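# A look at the structure
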Amino acid sequence: MIRVAVTEKEYEKGKDIFEESIKRLDFVHRSQFISQENAIITNQLFIQKLTGIGSIVEEEHEQKVINTPWPIEICWLYIRKMQAHVILGEYDEAITAANLAKPLLWTSPNMIQVADYVFFHAIVLAQTDATQELYEHEKQLQVWAQNSPHNFSDRILLISAEIARVKGNDSLALELY
């Protein structure tokens, strides 16, 4: 099982990022660039969920995004929610968010958010032993790692380690971790 603890240094970094995002949010709000406003708030919610910084009401923001005419925003919202739930070890909630994002992945071809979806979804699938889709994600990560090792080699190693763990091959899992 993968768990991530937020250190004091990471908390401070999150606080700095959150404070900077408030400045950016003010600018896009004054510019009436609603799509970017929603994107910033989605990222603020991610930081809030991991650190406790902020006072955004998640349900209100989610409803606002769902009611936009841009399905890409909805997709990215659910990908971010899935990521936060995976990091916090909340796998049932992560699967729910992944299932809401999946039919909207078409909105984001060649976007880093799809890579985040594949990686974090693979992590949660490894925790639930849903192997067929996990193997599909592994194959996709292998392709990306071959084409861009600096960006994806760490991800494929972690997912391969998780697959080895699920299969009961602890020595290979340890080697890959």
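Residues numbered from 1 in each chain as written. Predicted model: local features only at pLDDT ≥ 70, side-chain atom pairs only at ≥ 80, totals over all residues. Heavy atoms only, no water.

### Quick word on the overall build of the protein
- Helices and strands together make up the secondary structure of the protein, namely nine helices and zero strands.
- The N-to-C order of helical and strand elements in the protein reads α-α-α-α-α-α-α-α-α.
- The C-alpha radius of gyration computed for the protein amounts to 17 Å, which stays within 12% of the reference 16 Å derived for 177 residues, consistent with globular compactness.
- By residue count, 42% of the 177 residues in the protein fall in the buried class.
- For the protein, restricting intrachain contacts to residue pairs at least 6 apart in sequence, the fraction spanning at least 24 positions comes to 54%.
- Carbon together with sulfur atoms contributes 55% to the accessible area of the protein, which is approximately 10200 Å² in total. (Helix = DSSP H or I, 4+ residues; strand = E, 2+ residues; numbered from the N terminus. Rg over C-alpha atoms; globule rule 2.2 N^0.38 Å. Buried < 20%, exposed > 50% of the residue type's maximum accessible area, 1.4 Å probe, protein only. Contact = heavy atoms within 4.5 Å. Areas by Shrake-Rupley, 256 points an atom, 1.4 Å probe, with all protein chains shown as cover.)

### Remarks on helix α4 (residues 71-87)
- A rise of 1.5 Å per residue sets the reference length of α4, with its 17 residues, at 24 Å; its end C-alpha atoms lie 25 Å apart and thus fit the reference within 8%.
- Positive phi shows up at Gly89, right after α4, with a value of about 75°. (Expected span 1.5 Å × (residues − 1).)

### Thoughts on the nonpolar core
- Counting 37 residues, the largest nonpolar core has Met82, Val86, Tyr117, Phe120, Leu134, Leu141 and Ile159 as the members making the most contacts within it.
- Those elements giving two or more residues to this core turn out to be α2 (34-51), α4, α5 (91-101), α6 (112-128), α7 (131-147) and α8 (149-166).
- The biggest single contributor to this core is α6, with eleven residues. (Core = buried A, V, L, I, M, F, W, Y, C linked by side-chain atoms within 4.5 Å.)

### Regarding unusual backbone geometry
- With a phi close to 60°, Gln32 is a non-glycine residue in the positive phi region.
- Here Gln32 lies in the loop between α1 (8-30) and α2.
- For Asn110, which is not glycine, the phi torsion reads 60° and is therefore positive.
- Mapped onto the secondary structure, Asn110 falls in the loop between α5 and α6.
- Asn110 gets classed as exposed once you look at its relative accessible area, which sits at 83%.

### Thoughts on the pattern of salt bridges
- Scanning the model with the defined rule gives ten salt bridges in all.
- Across the salt bridge formed by Arg30 and Asp26, the nearest N and O atoms sit 3.1 Å from each other. Taken together, the positions of Arg30 and Asp26, both in helix α1 and four residues apart, correspond to about one turn of that helix.
- Salt-bridge contacts for Glu90 lead to Lys49; the nearest nitrogen and oxygen are separated by 3.9 Å. In this pair, Glu90 is assigned in the loop between α4 and α5 and Lys49 in helix α2, connecting sequence segments 41 residues apart.
- The partly exposed category is assigned to Glu90, whose relative accessible area is 27%.
- Members of the salt-bridge network, linked through shared partners, are Glu20, Lys23 and Arg24. (Salt bridge = Lys/Arg side-chain N within 4 Å of Asp/Glu carboxyl O.)

### Notes on the side chain of Ser21
- Mapping Ser21 onto the fold places it in helix α1.
- Those residues in contact with Ser21 that lie beyond four places of it in its chain are Ile40 and Gln44.

### Quick look at the packing of aromatic side chains
- Inspection of the entire model under this criterion finds two aromatic pairs.
- Over the ring of Phe46 we find Arg80, and its NZ or CZ is 4.6 Å from the ring centre. (Phe/Tyr/Trp six-rings, centres within 6.5 Å; stacked < 30°, edge-to-face > 60°. Lys NZ or Arg CZ within 6 Å of the ring centre and 35° of its normal.)

### Some remarks on a negative patch on the surface
- On the surface, Glu8, Glu12, Asp16 and Glu19 cluster together to form a negatively charged patch.
- In this fold, Asp16 is placed in helix α1.
- Residue Asp16 is classed as partly exposed on the basis of its relative accessible area, which comes to 46%. (Patch = residues over 30% accessible without salt bridge, like charges linked within 9 Å, V, L, I, M, F, W, Y side chains within 5 Å. Lys, Arg positive; Asp, Glu negative; His and termini not counted. Charge placed at Lys NZ, Arg CZ, Asp CG, Glu CD.)

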